[in-house]
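# Survey of secondary and tertiary structure
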Amino acid sequence: MNASHRWLGRVVTAVVLVAWVVWAPRPQAVEVWASSAILEEKSEDAESGEGGNADKQAEKQEDSQAAASEEPQKEGKSKESQKDEAAQAESKEAKPGEEPAVKESKPAAPPQPAPAAQPFPATHTVKRGLVKVEKKFEANFLPKDVVEVAMRFQAWTQVEVLDAVEHGTHVKKGDVLVHFKTDDLDRAIADQKRSLEAARRSLKDNEGLLAIMEKTVPFDLKSIEINLDQAEQDTKRYFDVDRELLVRSEEMSLRSAKENLEYERAELEQLEKMYKADDLTEETEELVLRRQRFAVEQAELSFLLTEKRHEQFTKIDLPRQDEAIRRDLEGIRFMAARSRITLPAMLVEQRRTVEQQRIDLERAEERLAKLEADRKLLDCRAPCDGIAYYGAFREEGQWGGSTSLESKLKPGGSVSKNEVLFTIVQLPVEKIAFKVGEADIRWMEVGLEGTIEPKAMPRTYWPVVVTEVAEIPAAADKFDVVADVTIPKRPVKIVPTMTGSVRFVVYVHKDAVLVPAKAVFTEDLDVTQRYVWVKGEGDKPEKRAVEVGESAGDSLEILDGLREGEVILLEEPKLDE
């Protein structure tokens, strides 16, 4: 019986829906009819609920059969029967004793579907909690102190190794670290001493010569000026006085020879006249005539020679003498002009030579001192107690060059100038070094306390205190930080360059206002402004600016703008325009 009632109720519901579609002007009657049918169906379902599971299964089978038969019945209905059913629904809706409502002349407007309600975003209640910011870095242990042993040669460049201690050897102060071959350096020192002695002698000679030139150059310049002045005076006197006298002297010589010739001839002529009148020629007279004749010949020859000399003097010797005197004066002038330049220049050059030799001597002495100092470096000994490591110890707690030095410090190897051979490390370790990126450097400050867990000793924690923070990055996104570490007095197997994890709690707020990070939004036009959506009265979202602090996992600390207990939206709401 219950199954048949349920089937009938569903048939009625289907008919009502078809009637509502066909007869749109009377929607109220259809809605009332459909709602009454639904109520009847619910009441029948309540009655049928008292049966057992077997009845329910039977009802399910009957429901499936009824649903299969509903479609043919719906299609067999005619439009007239649908109208009749609608009229019956109106009559049921009217109260007893009242007339059914008269149909209005104007058709009713079709119903508008109600706008779909927007789903309200998920919310979160603001709570208080703990905010703790912890930073972790990988650090290297640093020794108590380090002393480098390097070949800080001043003049020498390379030396051959005979033998050296092994890497990591414990040494005492004064222990020999490496033996070198010294033959080449010893020869260089001996050669330098000989060169230095020769330079000293040369400098001494040139200094003596300079002392002489300092006196002779001014004297020579003075003498040249005197000679030039005298030459000019002599030349002027020659052309003004001496030349004319010289010409007159030659003229007088020629005239004297001529006069002497005439005199001798006249005398001979007088003697001949005198002796001819006597018509007698005595021997004495003959002798006198003979002598006079010879005097005439001699006078003639003398005149001839004097005449020739006069001619040569006038045409050849005198012009040549004039030219020679002029050239001598010109030469003296040139010599004086040249001496005025060369003599001071020679003095200056000698001064420079002496100065350069002094500099060269000083440099030679310095080089000898450097070579002798380099020779002492070849006696390579430990400057203190500790562990001898190959290579240099970097400030960040790492070794540099130890691999390459292993081959250089073998017999036959060679080391170069300024190369760090050993670093003597003093124990125990007292510091650590680590690098911090730009995002975390703001937390690092002198005095910051933390702990370090050595990798070699898990679950062992030692206190550390930051002592140095670099202001300039050592590399891109890397700042050097150094911290002191306190190690127990008991022996520990921690040596420099070993590593560990250092931790710092850089921020703690035990009673912070916390919200999910995804609930905090950023203004599009101002990235410095942050805001949240607060659930207000009538579930209306309210936009509110907030000040954000540190992050704690997926949550953010709110410094201002929210209170505990307020409800915020986890998503931005879709507001109506």
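Residues numbered from 1 in each chain as written. Predicted model: local features only at pLDDT ≥ 70, side-chain atom pairs only at ≥ 80, totals over all residues. Heavy atoms only, no water.

### Structural notes on the overall build of the chain
Looking only at helices and strands, one finds seven helices and 22 strands in the chain. Surface accessibility of the chain: about 37,900 Å² in total, with carbon and sulfur atoms responsible for 51%. (Helix = DSSP H or I, 4+ residues; strand = E, 2+ residues; numbered from the N terminus. Areas by Shrake-Rupley, 256 points an atom, 1.4 Å probe, with all protein chains shown as cover.)

### A short note on the sheet that holds strand β5 (residues 169-171)
Spatially, four strands are ordered β3-β12-β8-β5 in an open sheet, and the strand pairing comes out antiparallel. Each of the sheet's edge strands pairs with one partner strand only, and the pair in question is β3 (145-150) and β5. Direction aside, the axes of adjacent strands within the sheet are offset by 35 degrees on average. Pairing of β5 with strand β8 (residues 386-390), which is carried by three bridges, proceeds in the antiparallel orientation. Residue pairing for β8: H170 is matched across the bridge by I387. (Pairing = 2+ DSSP bridges. Axes fitted to C-alpha atoms, helices over the stretch in contact; angles between N-to-C directions.)

### Looking at the environment of F434
Tracing the backbone through its elements, the reader meets F434 in strand β13 (residues 431-436). For the pair F434 and N140, spaced 294 residues apart in sequence, the C-alpha to C-alpha distance is 6.4 Å. Setting aside residues up to four positions removed in sequence, F434 forms contacts with F137, E138, A139, M444, F479, D480, V481, A483, V502 and F504. (Contact = heavy atoms within 4.5 Å.)

### A short note on the nonpolar core
If you look at soluble globular proteins, the nonpolar side chains tend to sit buried side by side. Residues L177, F180, V415, L421 and F422 are the most contacted members of the largest nonpolar core, which totals 44 residues. Those elements that place two or more of their residues in this core are β4 (158-164), β6 (176-180), α5 (183-277), α6 (283-377), β8 and β12 (420-426). Counting residues per element, this core draws most heavily on α5, at eleven residues. Those residues in contact with F180 that sit more than four places away from it in its chain are M151, V159, E160, V161, L162, L378, C380, V415 and L421. Grouped together as the second largest cluster of nonpolar side chains are 24 residues, F137, V429, M444 and V485 included. (Core = buried A, V, L, I, M, F, W, Y, C linked by side-chain atoms within 4.5 Å. Buried < 20%, exposed > 50% of the residue type's maximum accessible area, 1.4 Å probe, protein only.)

### Looking at the pairing of β4
Inspection of the sheet shows β4 paired to strand β11 (residues 414-416) by three bridges, in the antiparallel sense. Residue pairing for β11: V159 is matched across the bridge by V415. Pairing of β4 with β6 involves three bridges; the strand directions are antiparallel. By the bridge assignment, A164 is partnered in β6 with V178.

### Observations regarding the confidence of the model for the chain
Per-residue pLDDT for the chain has a mean of 81; in total, 76% of the residues score no lower than 70. Taken as a whole, residues 21-83 scores under 50 in pLDDT and shows 51 contacts with residues more than four places along the chain or in a different chain. A low-confidence stretch, residues 85-107 (pLDDT under 50), is modelled with 18 contacts involving residues beyond four sequence positions or located in other chains. (pLDDT = per-residue confidence, 0-100.)

### Thoughts on the environment of D184
Positionally, D184 belongs in helix α5. Among the residues examined, D184 registers a relative accessible area of 43% and is labelled partly exposed. Sequence-wise, D184 and V159 are 25 residues apart; in three dimensions their C-alpha atoms are separated by 8.6 Å.

### What about unusual backbone geometry?
For the bond from L427 to P428, the omega torsion is 5 degrees, close enough to zero to count as cis. As for its placement among the helices and strands, P428 is situated in the loop between β12 and β13.

### A few points about the side chain of K135
Tracing the backbone through its elements, the reader meets K135 in strand β2 (residues 127-142). A polar contact of 3.0 Å, which involves the side chain of K135, links it to the side chain of D440. Aside from chain neighbours lying at most four places away, what touches K135 is D440, W443, V502, R503, F504 and V506. (Polar contact = N/O pair within 3.5 Å; in protein donor to acceptor, adjacent residues only side chain to side chain.)

### Considerations on a nonpolar patch on the surface
A contiguous nonpolar patch, built from L130, V505 and V508 and spanning about 250 Å² of accessible area, is present on the exposed surface. Looking at where L130 falls in the secondary structure, it is placed in strand β2. (Patch = residues over 30% accessible without salt bridge, like charges linked within 9 Å, V, L, I, M, F, W, Y side chains within 5 Å. Salt bridge = Lys/Arg side-chain N within 4 Å of Asp/Glu carboxyl O.)

### So, the pattern of salt bridges
The final tally for this structure, using the stated rule, is 32 salt bridges. Among the salt bridges present, the one from R340 reaches E225, with a minimum N-O distance of 2.6 Å. Highlighted residues: R340 in helix α6 and E225 in helix α5, separated in sequence by 115 residues. Among the residues examined, R340 registers a relative accessible area of 40% and is labelled partly exposed.

### As for the packing of aromatic side chains
If you walk through the whole model with that rule in mind, you get eight aromatic pairs. Look at Y238 and F239: their rings are 4.9 Å apart centre to centre, the planes differ by 80 degrees, and that puts the pair in the edge-to-face class. When the centroid spacing of 5.8 Å and the interplanar angle of 35 degrees are considered together, the rings of F521 and Y531 count as tilted. In this pair, F521 is assigned in strand β18 (residues 521-522) and Y531 in strand β19 (residues 530-535), connecting sequence segments ten residues apart. Taken as a pair, F521 and Y531 share a single burial class, namely buried. (Phe/Tyr/Trp six-rings, centres within 6.5 Å; stacked < 30°, edge-to-face > 60°.)

### Details of a negative patch on the surface
Residues D145, E430, E468 and D484 make up a contiguous surface patch of negative charge. Following the sequence through the fold, E468 ends up in strand β15 (residues 462-469). Residue classification places E468 among the partly exposed positions, given a relative accessible area of 44%. (Lys, Arg positive; Asp, Glu negative; His and termini not counted. Charge placed at Lys NZ, Arg CZ, Asp CG, Glu CD.)

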